[in-house]
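What follows is each chain in one-letter form.
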Amino acid sequence: MVKHAVSRTIILAVALSAIVCIATRAHAQLRPMMIPLTTTLVITKPAPGEIYGNKQVVTMGVAGKTYKFVLNDAYVDDPRGVIHWPDVWELVRQYKPTLHVTGLGEDTFAKMKPGETLTVRGMFSGNNQTYEVMGTEPGGGPFAPAQHY
């Protein structure tokens, strides 16, 4: 009788373990899609033949063409405060192009001259590495260091 109760307990424990493992895997697979996040990039178009050293380089895919920029600064406006730029960079850095650009002013990237700095505001979607441009501003934006003349 005791052996029978012990074997029942073991079978019950194994069954519960299997259910917990399956439920955990299902939760990971059914995680909700990431909502687009407001992201600001401050980029500079490099001069031809410029050596990047350990500067962060971002490539933008625009209408079938790829443009390469030095990333001076980037930040994410996540209202929950959970996602930061390093999280986004870890997600997209292995892709070529790094970001697929759509939206207003996507032709701005083609018009940039070497050495020119641009602040780009947009919405980043982690589902397909899309960056929808909402607006651009010449220079380093409102957080750029003050210029002295």
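Cut-offs and rules
- Residues numbered from 1 in each chain as written.
- Predicted model: local features only at pLDDT ≥ 70, side-chain atom pairs only at ≥ 80, totals over all residues.
- Heavy atoms only, no water.
- Helix = DSSP H or I, 4+ residues; strand = E, 2+ residues; numbered from the N terminus.
- Buried < 20%, exposed > 50% of the residue type's maximum accessible area, 1.4 Å probe, protein only.
- Contact = heavy atoms within 4.5 Å.
- Areas by Shrake-Rupley, 256 points an atom, 1.4 Å probe, with all protein chains shown as cover.
- Arc of directions from axis to C-beta.
- Phe/Tyr/Trp six-rings, centres within 6.5 Å; stacked < 30°, edge-to-face > 60°.
- Pairing = 2+ DSSP bridges.
- Axes fitted to C-alpha atoms, helices over the stretch in contact; angles between N-to-C directions.
- Core = buried A, V, L, I, M, F, W, Y, C linked by side-chain atoms within 4.5 Å.

Bringing the overall build of the chain into the picture now. Helices and strands together make up the secondary structure of the chain, namely 3 helices and 6 strands. When the helices and strands of the chain are placed in sequence order, the string is α-β-β-β-α-β-α-β-β. Classification of the 149 residues of the chain by burial places 30% in the buried group. When contacts within the chain are restricted to residue pairs at least 6 apart in sequence, long-range pairs at least 24 apart make up 66% of them. By element, 62% of the accessible surface of the chain is carried by carbon and sulfur atoms, the whole surface being about 10200 Å².

When helix α2 (residues 85-92) is considered as a whole, its buried residues turn out to be W85, V88, W89 and V92. Within α2, the buried residues cover an arc of 100° as seen down the axis, which keeps them to one side.

Moving on, we come to the packing of aromatic side chains. Tallied over the full model, the rule gives 2 aromatic pairs. Ring plane angle 55° and centroid distance 5.6 Å describe the contact between F69 and F109, whose orientation is recorded as tilted. Of this pair, F69 sits in strand β3 (residues 65-77) while F109 sits in helix α3 (residues 108-111), and the two are 40 residues apart along the sequence. Ring geometry for W85 and W89: centres 6.1 Å apart, planes at 35°, overall tilted. Of the two residues, W85 and W89 are both situated in helix α2; the distance of 4 residues between them amounts to about one turn of the helix. Residue W89 is classed as buried on the basis of its relative accessible area, which comes to 15%.

The subject of this paragraph is the sheet that holds strand β6 (residues 130-138). If you walk around this closed barrel you meet the 6 strands as β1-β3-β2-β4-β6-β5, and the pairing is mixed. Mean inter-strand twist for the sheet, computed between neighbouring axes without regard to direction, equals 50°. Where strand β1 (residues 37-44) lies against β3, 7 bridges are found, and the strand directions are antiparallel. Counterpart to T44 in the pairing with β3 is V70. Running over the sheet, α2 touches β1, β2 (57-62), β3, β4 (99-103) and β5 (117-125) and is turned about 150° from β3.

In this structure, L41, I43, M60, F69, W85, L99 and F109 are the most contacted members of the largest nonpolar core, which totals 25 residues. Elements with a minimum of two residues in this core: β1, β2, β3, α2, β4, β5 and β6. Those residues in contact with W85, other than ones at most four positions away along the chain, are T39, L41, Q56, L71, A74, Y75 and V76.

Where β2 and β3 come together, 6 bridges link them in antiparallel fashion. Paired with G61 across the strands is T66, a residue of β3.

The step from K96 to P97 runs through a cis peptide bond, and the omega angle for that step is -5°. In this fold, P97 is placed in the loop between α2 and β4. In this structure, A63 is a non-glycine residue whose phi angle is positive, near 50°. Tracing the sequence through the fold places A63 in the loop between β2 and β3. Phi angles above zero are rare outside glycine, and Q129 is one such case at about 55°. For Q129, the location among the structural elements is in the loop between β5 and β6.

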